Amino acid sequence: MLGDLQLRVPQAWQQPIAPHSRKRSYRDGDVLFHEGDPSDGVYIVLSGRLKVYAAGGNGDEVVYTVLGPGELLGEVSLFGGPRTASVRAIGAVECLVLRNSAAQDLMRTRPEFAAHVFAKLASRVRHSIRMTRSLALDGVPERVSALLETCAVHDGHALRVPAELTQQEIANRIGASREMVLKVIGKLVKQGFLHKDARHRMTILKPLAGVR
């Protein structure tokens, strides 16, 4: 479901960017900024992962995406306006923070950086369109399956779902209730698509494409 959001800033760019930026470290659960905050700059993730989300007044969350090392964050507010989402650290995180004015100067003097920013903005638009289409046309089983396959990692000969992708986290990321996600996962296990061990870790046994 992340698709072309995985656009990473080439490591070679970090050297010219470094004099214009500052490094920040965050602990697990730290909030970098909240939706509606004024923009203080563009972030480049050096290590760790960040959750981009919206929070409701009742404590519910909708997760837009999860960003990893090399990815750019905050470019939507680069040209003015408040933050459009909240961002929280997943585990320990290090970022380079580039002031908006410095980022705009780099875009003028380094066309390749400007091209990367615009490519990232375009990818967010495409991602938003896909998410809207999925919410409107796909059922919960299709959305659960797509997320599991996107997030699964190879561990030897097995395709495992990361432990942090809990049923509540899945629900937050696909716009469904935890109860519906629990029902879908139970069905996938019964049908032989997934295996859950005694510690509730999930392994994908066969392709989930086309699951309904």
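Caption draft 1: Seen up close, the overall build of the chain. When its secondary structure is counted, the chain shows six helices and ten strands. Taking the principal axes of the C-alpha coordinates as reference, the chain spans close to 55 × 40 × 30 Å. Here the chain, with 212 residues, has 42% of them falling under the buried criterion. Considering only intrachain contacts with a sequence separation of at least 6, the fraction spanning at least 24 residues in the chain is 69%. Counting every atom, the chain has about 11,100 Å² of accessible surface; 56% of that belongs to carbon and sulfur. The average position of the 29 basic charges and that of the 21 acidic charges among the side chains of the chain differ by 3 Å.

Caption draft 2: Here's a closer look at the sheet that holds strand β8 (residues 158-160). Taking strand neighbours across the sheet as the criterion, the four strands line up as β7-β8-β10-β9 in an open arrangement whose pairing is antiparallel. Looking at the sheet topology across the chains shown, the edges are occupied by β7 (153-155) and β9 (194-196). Here the average twist between neighbouring strands, direction ignored, is 40 degrees. Inspection of the sheet shows β7 paired to β8 by three bridges, in the antiparallel sense. Looking at β8, one finds that His154 is bridged to Leu159. Across the face of the sheet, helix α6 (residues 178-190) comes into contact with β9 and β10 (202-204) while running at roughly 105 degrees to β9.

Caption draft 3: Seen up close, the environment of His154. Looking at the secondary structure, you find His154 in strand β7. With relative accessibility at 68%, the residue His154 sits in the exposed group.

Caption draft 4: Spatial organisation of the nonpolar core. If you look at the biggest cluster of nonpolar residues, it comprises 21 residues, and the most contacted ones within it are Val144, Leu148, Ile170, Ile174 and Val181. Elements with a contribution of two residues or more to this core: α4 (140-151), α5 (167-174), α6 and β10. In terms of residue count, α4 provides more of this core than any other element does, five residues in total. Those residues in contact with Leu148 that sit more than four places away from it in its chain are Val161, Leu165, Ile170, Leu188, Leu194, Met202, Ile204 and Leu208. Ranked by size, the runner-up nonpolar core spans 15 residues in total, among them Tyr26, Tyr43, Leu73 and Val93.

Caption draft 5: Here's a closer look at the packing of aromatic side chains. Taken as a whole and assessed by the stated rule, the structure comprises one aromatic pair. The ring of Tyr53 has Arg88 sitting right over it, with the charged end atom 4.4 Å from the ring centre. Above the face of the Phe193 ring, Lys206 is positioned so that its terminal group lies 4.6 Å from the ring centre.

Caption draft 6: Representation of the packing of α4 against α6 in the model. Where α4 meets α6, the axes come as close as 10 Å, and the angle between the chain directions of the two elements is 75 degrees. Here α4 lies roughly perpendicular to α6, going by the angle between them. Residue-level contacts link Val140, Pro141, Val144, Ser145 and Leu148 of α4 to Met180, Val181, Val184, Ile185 and Leu188 of α6. Per-class residue counts for the contact of α4 with α6 are nine nonpolar, one polar and no charged.

Caption draft 7: Expanded view of the pattern of salt bridges. Following the criterion strictly, the structure yields eleven salt bridges and no others. One salt bridge connects Lys51 with Glu61, and the closest N-O pair in it is separated by 3.8 Å. A residue pair is termed long-range when its members are at least 10 positions apart, and Lys51 in strand β3 (residues 42-55) and Glu61 in strand β4 (residues 61-67) qualify at ten residues. Look at Lys51 and you get buried, because its relative accessible area is 10%. A single network of salt bridges, built from pairs that share partners, joins Lys51, Glu61, Arg88 and Glu169.

Caption draft 8: Just the pairing of β3, in detail. Of the pairings in the sheet, the one linking β3 to strand β6 (residues 86-98) comprises ten bridges and is antiparallel in character. Following the sheet pairing, Tyr53 is matched in β6 by Ser86. Pairing geometry for β3 and strand β5 (residues 72-73), over two bridges, is antiparallel. Looking across to β5, one finds that Ile44 is bridged to Leu72. Pairing of β3 with β4 involves six bridges; the strand directions are antiparallel. Pairing of Leu50 across the sheet is with Leu67, part of β4.

Procedures and definitions
Residues numbered from 1 in each chain as written. Predicted model: local features only at pLDDT ≥ 70, side-chain atom pairs only at ≥ 80, totals over all residues. Heavy atoms only, no water. Helix = DSSP H or I, 4+ residues; strand = E, 2+ residues; numbered from the N terminus. Buried < 20%, exposed > 50% of the residue type's maximum accessible area, 1.4 Å probe, protein only. Contact = heavy atoms within 4.5 Å. Areas by Shrake-Rupley, 256 points an atom, 1.4 Å probe, with all protein chains shown as cover. Lys, Arg positive; Asp, Glu negative; His and termini not counted. Charge placed at Lys NZ, Arg CZ, Asp CG, Glu CD. Pairing = 2+ DSSP bridges. Axes fitted to C-alpha atoms, helices over the stretch in contact; angles between N-to-C directions. Core = buried A, V, L, I, M, F, W, Y, C linked by side-chain atoms within 4.5 Å. Phe/Tyr/Trp six-rings, centres within 6.5 Å; stacked < 30°, edge-to-face > 60°. Lys NZ or Arg CZ within 6 Å of the ring centre and 35° of its normal. Parallel < 35°, antiparallel > 145°, perpendicular 65-115°, else oblique. Nonpolar A, V, L, I, M, F, W, Y, C, P; charged D, E, K, R; others polar. Salt bridge = Lys/Arg side-chain N within 4 Å of Asp/Glu carboxyl O.

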